[in-house]
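Structure at a glance
For reference, the chains in residue letters:
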Amino acid sequence: MLLLDSFINIFLKAAFFENMVLAYFLGMCSFLAVSKSVKTAFGLGLAVIFVLGFTMPINWLITTYLLSDTGILGIDLTFLRFILFIAVIASMVQLVEMVIEKFSPSLYTSLGIFLPLITVNCAILGGSLFMVAREYNFTESVAFGLGGGFGWFLAILALAAIREKIKYSAVPAPLRGLGMAFLITGLMGVAFMSLMGIDPAALAGAK
Amino acid sequence: MAETAVAKKKEGGLAFGKKERRLIVDPLNENNPITVQVLGICSALAVTSLIFPSLVISIAVVFVCAFSSLTISLMRKYIPNSVRMIVMLVVIAALVTIVELFLKAFSFTVYKQLSVYIGLIITNCIVMGRLEAFAMANDPWRSFLDGIGNGLGYGAILLIIAFFRELLGKGTLFAGTPLALNIIGAGNDYLINTETSFLFGWYVNNNLMVMPAAAMFIIAILIWIQRARFPKLVDVS
């Protein structure tokens, strides 16, 4: 019960209160570049949930059992962290790429270059590094991965929807496209800021 | 330097002519990595609330960008196409690890302050993007210059953002360094120990500017100004 509680807490926290994109501004490149239409945004969002949800526990196992001095090797190998994390992420992305290519060729072509670029999506590596910095345990790291991915998914979907609508408005020419996307993201960030600092654990206690 | 000497023989020299100059100057404005190529917005925006950390990150990015371009360009004929991403990432990750260990050894406070954002240079799309777009197809010397140019273009935007965010958000400039100045507003408790400033004591620090969202607004304004001045950059779609 306690385990489930902390799972839900971390999930909600990662998805809403400390949203990867809107609170920490991670994963911005693909967030801005792929949010032109809802359909591609949806596909990319799902891919990010998947990659984040899998890499986080794997990287947790790597840091705890391979890299720390209490692990199986008994040597402190923390300096290899970046290289190993990125290798795990790159191979996960490769896997997702193959799955999408097999089951949805149309999505595969519309995502184009941005699918391999999930590898360099800062949200993924950032998630793993946050996990290490905050000393999460295994369940928490799973929850953090899934929650973070879900938050990213929601955010890109929202931005894509807004951008589809705003195409019909009279925006000053120099601001059109990219400039507007930046402004909208900033405003969304401000809106999400009001959620920050809410502690789901305290809310549950108050009930 | 041995590598560049080899390059000299094979690829026509370390000339620094007009073309080479453009490699450095272009990314500063009309081909800027942030406002035009939309690369590398991700990691470093969160650190631009103060000038000093932004400066550190900028220098780190110039270093990583230049040397990863050089390395990849030297190896470009031996990298099989299918594994090039992994090779690039390993080179970048190794360089970033050097930066991280260096900061940890020589400037621990900055290291703590930047925390995960140092590691995030790896996934800074600008490094990877330039490797893919330039270093894979050009000789080492020009790739090196391209790396420096893009790193500088990135750093320039970062410093502009940081300047406004720190000035309006905290009322200071260069907080955390011996140069620290409290320019406007009442004194504040963060990294700087001044009671009140010598100018504009009535100014109340704007907390919005401290939030990462402010960086988005400032970039949007920069894009607006830049595209208004160079209409060919305007999005057609």
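Residues numbered from 1 in each chain as written. Chains lettered and ligands numbered in written order. Predicted model: local features only at pLDDT ≥ 70, side-chain atom pairs only at ≥ 80, totals over all residues.

Here we look at the overall build of chain A
What chain A contains, in helices and strands, is nine helices and zero strands. Traced from its N-terminal end to its C-terminal end, chain A shows the element sequence α-α-α-α-α-α-α-α-α. A compact globule built from 207 residues should have a C-alpha radius of gyration of about 17 Å, and chain A, at 18 Å, falls within 12% of that. Structurally, chain A occupies a C-alpha span of about 60 × 45 × 30 Å along its principal axes. Going through the 207 residues of chain A one by one, you find that 47% of them count as buried. Considering only intrachain contacts with a sequence separation of at least 6, the fraction spanning at least 24 residues in chain A is 80%. (Helix = DSSP H or I, 4+ residues; strand = E, 2+ residues; numbered from the N terminus. Rg over C-alpha atoms; globule rule 2.2 N^0.38 Å. Buried ≥ 20, exposed ≤ 12 C-beta atoms within 10 Å, placed from the backbone. Contact = placed C-beta atoms within 7 Å.)

Topic: the confidence of the model for chain A
Close inspection of predicted coordinates is inappropriate in any region flagged by low pLDDT. Of the residues in chain A, 91% reach a pLDDT of 70 or more, and the chain-wide mean stands at 80. Mean pLDDT values over the elements of chain A span from 57, in helix α9 (residues 200-206) of chain A, up to 89, in helix α7 (residues 138-166) of chain A. (pLDDT = per-residue confidence, 0-100.)

Side note on the interface of chain B and chain A
Often, the extent of an interface is quoted as the loss of accessible area upon association of its parts. The interface is formed by 38 residues belonging to chain B together with 38 residues belonging to chain A. Taken together, the elements giving at least two residues each to the side of chain B that touches chain A come down to α4 (84-106), α6 (116-119), α7 (125-135) and α9 (212-229) of chain B. By residue number, the principal contributor to the side of chain B that touches chain A is α9 of chain B, which donates ten residues. A class-by-class count of the residues in the side of chain B that touches chain A yields 30 nonpolar, six polar and two charged. (Nonpolar A, V, L, I, M, F, W, Y, C, P; charged D, E, K, R; others polar.)

With respect to the confidence of the model for chain B
Residues and elements named next belong to chain B. With 76% of its residues at a pLDDT of 70 or more, chain B shows a mean pLDDT of 75. Put simply, helix α1 (residues 2-11) is where chain B has its lowest mean pLDDT, 42, and helix α3 (residues 51-75) is where it has its highest, 87. The model gives residues 1-12 a pLDDT under 50, and that stretch makes twelve contacts with residues more than four places away or in other chains. Here residues 189-194 is modelled with pLDDT under 50, and outside its nearest four sequence neighbours on either side it reaches ten contacts, counting other chains as well. This prediction of the complex comes with two scores: 0.76 for pTM and 0.74 for ipTM.

What to know about the nonpolar core
Val51 and Ile89 of chain A together with Val64, Ile92, Val96 and Ile122 of chain B are the most contacted members of the largest nonpolar core, which has 130 residues in total. Setting aside chain neighbours within four positions, we find Val51 of chain A in contact with Ile89, Met92, Val93, Val96, Ile118 and Ile124 of chain A. (Core = buried A, V, L, I, M, F, W, Y, C linked by C-beta atoms within 7 Å.)

Some thoughts on the packing of α3 of chain B against α4 of chain B
All names here are of chain B. Look at α3 against α4: their axes get within 10 Å of each other, and the N-to-C directions meet at 140 degrees. Judged by the angle between their axes, α3 and α4 are oblique. For the pair α3 and α4, the sense of crossing is right-handed. Contacts from Ala60, Phe63, Val64, Phe67, Ser68, Thr71 and Ile72 in α3 reach Met88, Val91, Ile92, Leu95, Val96 and Val99 in α4. (Axes fitted to C-alpha atoms, helices over the stretch in contact; angles between N-to-C directions. Parallel < 35°, antiparallel > 145°, perpendicular 65-115°, else oblique. Left-handed = near helix turned anticlockwise from the far one by under 90°.)

Some details on the packing of helix α8 (residues 140-170) of chain B against α9 of chain B
Residues and elements named next belong to chain B. Running from amino to carboxyl end, α8 crosses α9 at an angle of 120 degrees, the nearest separation of the two axes being 10 Å. In terms of axis orientation, α8 runs oblique to α9. For α8 against α9, the interelement crossing comes out right-handed. Contacts between α8 and α9 involve Ile157, Ile160, Ile161, Phe164 and Arg165 from the first element and Ala214, Ala215, Ile218, Ile219 and Leu222 from the second. Taken together, the residues of the contact of α8 with α9 break down into nine nonpolar, no polar and one charged.

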